[in-house]
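# Residue-level structural notes
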Amino acid sequence: MYSIIYVEESVRDMPQTIEILNRYQNAAIVDCSHYGELFNRRKQNFRTQKKEPTLIIARKENKRILPIPGEYAIDAKHNFYFSHMLNCLYDCRYCFLQGMFRSASHVIFVNYSDFKTDLTSHIENTEDSICFYSGYDCDSLALDPITDFTRNFIPLFKPYQHAFLELRTKSTQIRNLLTMEPLPNIICAFSLSPNEIVGKYEAKTPSLNARLAAISSLRDAGWNIALRFDPIIFVDDFYTVYKQFFHQIYAALGSRSIHSITLGSFRLPKIFHKNMKRLYPDEPLLINGLSLTNGQIAYEENLEKKLISWCENTLKNLDSVTPVYIQRSTV
Amino acid sequence: MNTFIMALKNEAYHLIKRYHLTLVVHQPFKVYQTQNMRVILSGVGKSSSYAATKFALEDRETHHGLWVNFGVAGDSALPVGSLVSISKVTEDDTGRSWYPYVKQHPKCYVKALRTYNSPICQYPLNSSCDMEASGFMAAVSEAISSEHIHVLKLISDNSSSGIGNLTKALMKQLVAENIELINTYIKSAEENLSIEPKSFPFSIEKMFQGQHFTVTQTHQLLELYRSFCALCPEEAWPSIELNNRDKPSDILAKLRLQITQLSPKL
Ligand code: SF4
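Residues numbered from 1 in each chain as written. Chains lettered and ligands numbered in written order. Predicted model: local features only at pLDDT ≥ 70, side-chain atom pairs only at ≥ 80, totals over all residues. Heavy atoms only, no water.

Moving on to the sheet that holds strand S1 (residues 4–8) of chain A. Residue and element names in this part refer to chain A. Taken in spatial order, the 5 strands make up an open sheet running S2-S1-S3-S8-S6, and their pairing is mixed. Looking along the sheet, the strands with just one partner apiece sit at the ends: strand S2 (28–32) and strand S6 (85–86). Looking at chain direction, strand S3 (residues 55–58) and strand S8 (residues 106–109) are connected through 4 bridges and run parallel. Bridge pairing links Leu55 to His106 in S8. Lying on the sheet, helix H1 (residues 15–23) is in contact with S1, S2, S3 and S8; it crosses S3 at an angle near 160°. (Pairing = 2+ DSSP bridges. Helix = DSSP H or I, 4+ residues; strand = E, 2+ residues; numbered from the N terminus. Contact = heavy atoms within 4.5 Å. Axes fitted to C-alpha atoms, helices over the stretch in contact; angles between N-to-C directions.)

Structural data, given as structure tokens:
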């Protein structure tokens, strides 16, 4: 998959690096001193690079665990995110990473032990509930066969009942999870969209049916499942498309319990939207029908409220038990 | 338009011939050109290469094409005649590094390169060596998107041949032998770039004949045109009223207004 791999000199001999490089025997390996030299260059084009992304293997020096943006929290008292990776295998047209990062290169931070030390100290610092989100700057599972993220991080949570880890994904890479003991404080949160949207705006992602099959396998194996309907996109024929979609999900998943549902309509920080529009001036999704709402580019406020409350009611009619959290635009 | 910055006429000779380039500028650097390609002869050394690249960058119309530093280089181990796509350029005296874009090709090596101030007798172990690439990278990286930048070197001497055997005739011969491989490399590097249409259909061009759009305004006009096409694929152009007194900025404002009033079909 990768024909060029850049490796920070400081991680060149780490076992995780060696394992990854062994998978790509034909790739050209290029030494670099810091991933930022490539990833943060001023002049680069995310859209062009997305066609053939390179891989950068690096060390995350500091700021490994960060407080989450306000809207992202669910029900824990303390909420943080961490990113063992930057960027994603998939190519969702609405993805804010396109507006946030200059480069489409995939970065894997392989100093897992530093992440684990930081996680442990955060967890042990509190007796309140604490949740860590791993899918903010990437898809948590899409590269799991390469990063071995789940095998490395999930066992850390076993002794701590007050600490939770959310894996946010559209992926069907669940092989590692299926070989592990399921833990009650790990949340496998699947982002789902109607087939029409998957086909149009979620390039390279597994189909809705494939995601539903992955969810079923994980649930059968005893893992906690959460559903994420974010972004909700105001497509033509919205109510028919989404009604059919929600019914399809509940028909496939049956009545067994779901950890949580979150709902959020399509929204982007203003600066990310500006960058994305520059990359895709020919993408109707990004061009019109949006306005500046609560500091973000989103659907006009009344429309947003209408869409979300319709989705919430429809879901509650299908499932009155699972808690539904609304994630609104905030600055 | 692809731009090649090269040190010597002998290195450029077969490219000029292959692409039917003609000499269009004599000073301060010789420029050989056709519609799609130009070769700029910088002279030897990184300062010359820097100056020639800066000079070439003044023509902003060329910024969408490839920018290639091509020329001969030494290497401790690679066979003479090997074509190398350079993955990292390090300036020997300052230690500064740059990362040109790399296009993997089965007949092309990928390797790092060191740029020296003068010819060296002892080849570095893990990189090729030359005297120009760092000057090119220092200038081009400020202005051009990284995916457009390539450093392509042809190995002309190595530990067994030594630099003493490098003649003008050998330079020419090596380029001649590799000209089709170079051409293939360039074609596949170009494929990576071809996302955005860079010009308007003739009918639109004609509509704005006589107007002077700056490079930035042309770019904005293209973006608006692409947005319009995405929103109204059936129509050729928005129905805006233009009059003789409209300046490019007025035209852009009218277009922007019209386009924001359209509803996307999702
Ligand atoms: S799966 Fe998530 S992270 Fe990946 S491209 Fe889509 S939205 Fe972005």
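After that view of the structure, there is still more to cover.
The next subject is the environment of Leu55(A). Residues and elements named next belong to chain A. Within the fold, Leu55 resides in strand S3. Taking the C-alpha atoms as reference points, Leu55 and Gly36, 19 residues apart in sequence, are found 13 Å from one another. If sequence neighbours within four positions are ignored, Leu55 has contacts with Tyr2, Ile4, Ile5, Tyr6, Ile20, His106 and Ile108.

The step from Asp230(A) to Pro231(A) runs through a cis peptide bond, and the omega angle for that step is 10°. With respect to the helices and strands, the residue Pro231(A) is situated in strand S13 (residues 224–232). Cis geometry marks the peptide bond from Gln27(B) to Pro28(B); its omega dihedral reads -5°. Mapped onto the elements, Pro28(B) comes out in the loop between strand S2 (22–25) and strand S3 (30–33). The residue Lys204(A) is not glycine, and still its phi comes out positive at about 70°. Residue placement: Lys204(A) occurs in the loop between strand S12 (202–203) and helix H10 (208–220). Here the phi dihedral of Asp237(A) falls at roughly 65°; this positive angle occurs in a residue that is not glycine. For Asp237(A), the location among the structural elements is in the loop between S13 and helix H11 (238–253). For Asp237(A), a relative accessible area of 53% translates into the label exposed. (Buried < 20%, exposed > 50% of the residue type's maximum accessible area, 1.4 Å probe, protein only.)

Geometric descriptors of this kind do not, in isolation, establish any biological role.
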